[in-house]
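This is what each chain is made of:
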Amino acid sequence: MQRKRTEGYVRKIEFVFYNEKLIREAVLDARNRPRQLGRNGSGIGDPTGSQAIRNVTPLRSVTVKGELLGRPEDWLRVVDATYVWCDKDRLIVARDRYNGVDYRLTCAKLSISGKTYYNFLNDVRAYASLCAAQLGLIKVC
């Protein structure tokens, strides 16, 4: 069971990392969902132009596990940027953590202590927080 944290932004970051695959699926579903094509503002029906505009317009939100997540594509950018930033060991710790692998197995695999594991995890969360703050997804103060 996941511990409850008092910092709202850490909970949001944890939610996004734990549900990354579901968020990606929800974004893909929202992008592929057929929509009523309308006029593009010029008074002329242009289905190709309308479709192109829809594909480049950022999604406002998706629902994942009954929770509304605003700006899902930006949150996925945070996840991707964080994983790119990680060195090999931090990447393994983060991927294992958010895929439900017990921390003791990860520690044994990497020959690290539990303290090092949690230090790596805190580094990953801190970097993700910085990325999310830079995109305006969270406020840390």
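Note that the structure is a prediction, hence the values are computed from the model and not measured.

Criteria and cut-off values
- Residues numbered from 1 in each chain as written.
- Predicted model: local features only at pLDDT ≥ 70, side-chain atom pairs only at ≥ 80, totals over all residues.
- Heavy atoms only, no water.
- Helix = DSSP H or I, 4+ residues; strand = E, 2+ residues; numbered from the N terminus.
- Buried < 20%, exposed > 50% of the residue type's maximum accessible area, 1.4 Å probe, protein only.
- Contact = heavy atoms within 4.5 Å.
- Areas by Shrake-Rupley, 256 points an atom, 1.4 Å probe, with all protein chains shown as cover.
- Axes fitted to C-alpha atoms, helices over the stretch in contact; angles between N-to-C directions.
- Parallel < 35°, antiparallel > 145°, perpendicular 65-115°, else oblique.
- Nonpolar A, V, L, I, M, F, W, Y, C, P; charged D, E, K, R; others polar.
- Pairing = 2+ DSSP bridges.
- Phe/Tyr/Trp six-rings, centres within 6.5 Å; stacked < 30°, edge-to-face > 60°.

Novice: What is the right way to look at the overall build of the chain in this model?
Specialist: Within the chain, the regular secondary structure consists of seven helices and two strands. Along the chain, from the amino end to the carboxyl end, the secondary structure elements read α-α-α-β-β-α-α-α-α. The buried share of the chain, taken over its 141 residues, is 35%. In the chain, 62% of the contacts between residues at least 6 apart in sequence involve partners at least 24 apart. Surface summary for the chain: the accessible area is close to 9,100 Å², and the carbon and sulfur share equals 54%.

Novice: Quick question: what am I supposed to make of the environment of Leu91 here?
Specialist: Its place among the elements puts Leu91 in helix α5 (residues 88-98). Assessed through its relative accessible area of 26%, Leu91 is described here as partly exposed. A C-alpha to C-alpha distance of 9.3 Å links Leu91 and Leu121, two positions 30 residues apart in sequence. Ignoring sequence-local partners within four residues, the contact set of Leu91 consists of Tyr83 and Cys86.

Novice: When you look at the environment of Arg95 in this model, what are you seeing that I'm missing?
Specialist: Examined against the element boundaries, Arg95 turns out to sit in helix α5. Residues Arg95 and Phe17 lie 78 residues apart in sequence; the distance between their C-alpha atoms is 9.0 Å.

Novice: Sorry, what's going on with the packing of helix α1 (residues 8-18) against helix α4 (residues 72-85) here?
Specialist: The contact between α1 and α4 brings their axes to 10 Å, and the two run at 80°. Viewed along their axes, α1 and α4 adopt a mutual orientation that is roughly perpendicular. Within the contact between the two elements, α1 uses Lys12, Ile13, Val16 and Phe17 and α4 uses Trp75, Val79, Thr82 and Tyr83. For the contact of α1 with α4, a count of residues per class yields six nonpolar, one polar and one charged.

Novice: What is the right way to read the pairing of strand β1 (residues 61-64) from this model?
Specialist: Regular strands have side chains that alternate between both faces of the sheet. In β1, alternate side chains face the same way, and those of Val62 and Val64 are buried while those of Ser61 and Thr63 on the opposite face are not. Two elements, β1 and strand β2 (residues 67-70), share four bridges in a ladder whose sense is antiparallel. Counterpart to Thr63 in the pairing with β2 is Leu68. Taken together, β1 and the strand that follows it, β2, pair antiparallel across an intervening segment of two residues, in which Lys65 is found at a positive phi of about 50°.

Novice: Got a minute to help me understand unusual backbone geometry in this structure?
Specialist: If a residue is not glycine, its phi is most likely negative; likewise, a peptide bond is most likely trans. Backbone geometry places Lys65, a non-glycine residue, at a positive phi of 50°. Along the chain, the position of Lys65 falls in the loop between β1 and β2. According to the relative accessible area criterion, Lys65 is exposed, its value standing at 65%. For Arg71, which is not glycine, the phi torsion reads 50° and is therefore positive.

Novice: Help me understand the packing of aromatic side chains, please; the structure alone is not making it clear to me.
Specialist: Given two aromatic rings, one states the distance between the centres and the angle between the planes to describe the pair. The tally for this structure, following the rule as stated, stands at seven aromatic pairs. Ring geometry for Tyr18 and Tyr98: centres 4.9 Å apart, planes at 85°, overall edge-to-face. Here the residue Tyr18 occupies a position in helix α1, and Tyr98 occupies one in helix α5, the gap between them amounting to 80 residues. Tyr18 sits in the partly exposed class, given a relative accessible area of 28%. According to the relative accessible area criterion, Tyr98 is buried, its value standing at 6%. Judged by centre distance (5.8 Å) and plane angle (50°), the rings of Tyr103 and Tyr117 are tilted. With Tyr103 in helix α6 (residues 103-110) and Tyr117 in helix α7 (residues 114-134), the pair connects residues that are 14 residues apart, well separated along the chain. A residue is classified by how much of its surface remains accessible, and Tyr103, at 32% relative accessible area, is partly exposed. Members of the aromatic cluster, joined through ring pairs, are Phe17, Tyr18, Tyr83 and Tyr98.

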